[in-house]
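Fold and contact review
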Amino acid sequence: MLIGIDVGGTKTKAVLFDEQGRSVKDITLQSAHPMCATDEQIVSILEQCMLDDRSPVVIGYAGYGKSAQMKEHISSLVHEALQDRNVVILGDIDTAVYSTLQEKDGITLILGTGSIALYRKGETLERRGGWGYVLGDEGSGYVIGLAILKHFVKQADHRTGKDELYDAVMHHYHLDDPSQLIGRVMDEGKTDRTGIASASVLSSTYAHLPVIREILNEQADQIAEMLSSFGTLPETIVVTGGMIHNTVYMDLLKQRIPQIRIADHPQVYGCYVYGRFHQMI
């Protein structure tokens, strides 16, 4: 048995896997990321992820390894929560590649709150994207959500006519007045990336609106450009992340890159694959 934990910017998912990679037990909790929770909350969430008393643990942590300070901070919290457990901490990029490609070469395309493409060729891993919401994240939930909210702001300012999307945003963020949106997507002057990205769910329901179709087409073009920069594309291109649930968007991507397919397993499955490869179970 092995416990896999996927810590993202939106939620924490823990699964107890058996030797064949089947889910025995699982739990979904709030994010245990330092950008989203206090140290005390993180320790409590990780403790709740211990779905049995003895199994080794593999954790895929968003942003782990991007800076020495963040890596040290996450490591100290994990070891405080898990005590003497046999535990391995990976970046979420690593678990995404393990869950999508397993033993094969190919491209993993992660489309969640952010975006990144990783091309594995043997022992090498070539990257496109992953620059974050200030410099990049094309095709991501954040960029799509932001485009929707910018359209909403123009409607609220009477710079363009209101459509169904206006009422949908008001309802989605529980707004009594449009100006309240600022507080919903900013926290003490900091951008709430997940709060903005959550608006991207509206792009599926309202895909019939011309403005939504324009947003999705533009972002699909950005992803196609990102992938084409690798040169000749492999047969295996697997997309994972929250945006895979937007069927309209996925269809637009497949029109541009026919070999794209949606991941068979959630990202947390990469923890099991890692554990199997490294004989932890």
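Residues numbered from 1 in each chain as written. Predicted model: local features only at pLDDT ≥ 70, side-chain atom pairs only at ≥ 80, totals over all residues. Heavy atoms only, no water.

**Details of the overall build of the protein chain**
When its secondary structure is counted, the protein chain shows 12 helices and 12 strands. Against the compact-globule benchmark of 19 Å for 281 residues, the protein chain has a radius of gyration of 20 Å, which places it among compact chains. In terms of overall dimensions, the protein chain has C-alpha extents of about 60 × 45 × 35 Å along its principal axes. Across the 281 residues that make up the protein chain, the buried fraction comes to 52%. (Helix = DSSP H or I, 4+ residues; strand = E, 2+ residues; numbered from the N terminus. Rg over C-alpha atoms; globule rule 2.2 N^0.38 Å. Buried < 20%, exposed > 50% of the residue type's maximum accessible area, 1.4 Å probe, protein only.)

**Considering the pattern of salt bridges**
A complete count under the given rule lists nine salt bridges for this structure. Taking the shortest distance from any N to any O, the salt bridge between D18 and R22 comes out at 2.8 Å. Judged by relative accessible area, which is 9%, D18 ranks as buried. One salt bridge in this structure joins R159 and D157, with 3.2 Å as the shortest N-O distance. Looking at R159, the relative accessible area reads 53%, which means it is exposed. A relative accessible area of 47% means that D157 is categorised as partly exposed. (Salt bridge = Lys/Arg side-chain N within 4 Å of Asp/Glu carboxyl O.)

**With respect to the pairing of strand β3 (residues 23–30)**
As judged from the seven bridges shared by strand β2 (residues 11–17) and β3, these two strands associate in the antiparallel manner. Residue pairing in the sheet places A14 in a bridge with I27 of β3. Hairpin connection of β2 to β3: five residues between the antiparallel strands, including G21 at a positive phi of 85°. (Pairing = 2+ DSSP bridges.)

**With respect to the nonpolar core**
Among the nonpolar cores identified, the biggest contains 47 residues, and L111, I212, L227 and Y249 are the most heavily contacted of them. With eight residues, the single largest contributor to this core is helix α10 (residues 210–228). With near-sequence residues (within four places) excluded, I212 lies in contact with I148, L165, S203, Y206 and A207. Membership of the second largest hydrophobic core comes to 26 residues, among which are M50, V57, A81 and V87. (Core = buried A, V, L, I, M, F, W, Y, C linked by side-chain atoms within 4.5 Å. Contact = heavy atoms within 4.5 Å.)

**Considerations on the sheet that holds strand β6 (residues 106–111)**
Taken in spatial order, the five strands line up as β8-β7-β6-β11-β12 in an open sheet, and their pairing is mixed. Here the strands that pair on one side only, and so sit at the sheet edges, are β8 (124–129) and β12 (260–262). Neighbour-to-neighbour, the strand axes of this sheet turn through a mean angle of 25°, independent of strand direction. Sheet topology places β6 next to strand β11 (residues 237–240); four bridges connect them, and they run parallel. (Axes fitted to C-alpha atoms, helices over the stretch in contact; angles between N-to-C directions.)

**Digging into the sheet that holds strand β1 (residues 2–7)**
Working definition: the strands of a sheet are paired by backbone hydrogen bonds and lie parallel or antiparallel to each other. Strand order in the open sheet formed by five strands is β3-β2-β1-β4-β5, and the pairing between neighbours is mixed. Only two strands of the sheet have a single partner each, and these edge strands are β3 and β5 (87–91). Neighbouring strand axes in the sheet, compared pairwise and without regard to direction, differ in orientation by 15° on average. As paired elements, β1 and strand β4 (residues 57–61) share five bridges and run parallel to each other. Across the sheet, the residue bridging to V7 is Y61, located in β4. Of the strands in this sheet, β4 and β5 touch helix α3 (residues 92–101), which is tilted by about 90° from β5.

**Details of a nonpolar patch on the surface**
The grouping of W131, Y133, V134 and L135 at the surface amounts to a nonpolar patch, some 490 Å² of accessible area in total. Tracing the sequence through the fold places L135 in helix α4 (residues 132–135). For L135, a relative accessible area of 65% gives the class exposed. (Patch = residues over 30% accessible without salt bridge, like charges linked within 9 Å, V, L, I, M, F, W, Y side chains within 5 Å. Areas by Shrake-Rupley, 256 points an atom, 1.4 Å probe, with all protein chains shown as cover.)

**Brief notes about the packing of helix α5 (residues 141–156) against α10**
The interhelical angle for the contact between α5 and α10, taken along N-to-C directions, is 150°, at an axis separation of 10 Å. It follows that α5 is roughly antiparallel to α10 by the angle criterion. Judged by the sense of rotation from one axis to the other, the crossing of α5 with α10 is right-handed. On α10, the residues touching V143, I144, A147, I148 and H151 of α5 are V211, I212, I215, L216 and Q219. (Parallel < 35°, antiparallel > 145°, perpendicular 65-115°, else oblique. Left-handed = near helix turned anticlockwise from the far one by under 90°.)

**A word on the side chain of S115**
Looking at the secondary structure, you find S115 in strand β7 (residues 115–121). A relative accessible area of 3% places S115 in the buried class. In contact with S115, not counting residues within four places along its chain, are I110, G129, G130, D137, E138, S140 and M226.

**Looking at the packing of aromatic side chains**
As enumerated under the stated definition, the model contains eight aromatic pairs in all. When the centroid spacing of 5.6 Å and the interplanar angle of 40° are considered together, the rings of F17 and Y272 count as tilted. With F17 in strand β2 and Y272 in helix α12 (residues 269–277), this residue pair connects regions lying 255 residues apart in the sequence. For the pair shown, F17 and Y272 are each scored as buried. (Phe/Tyr/Trp six-rings, centres within 6.5 Å; stacked < 30°, edge-to-face > 60°.)

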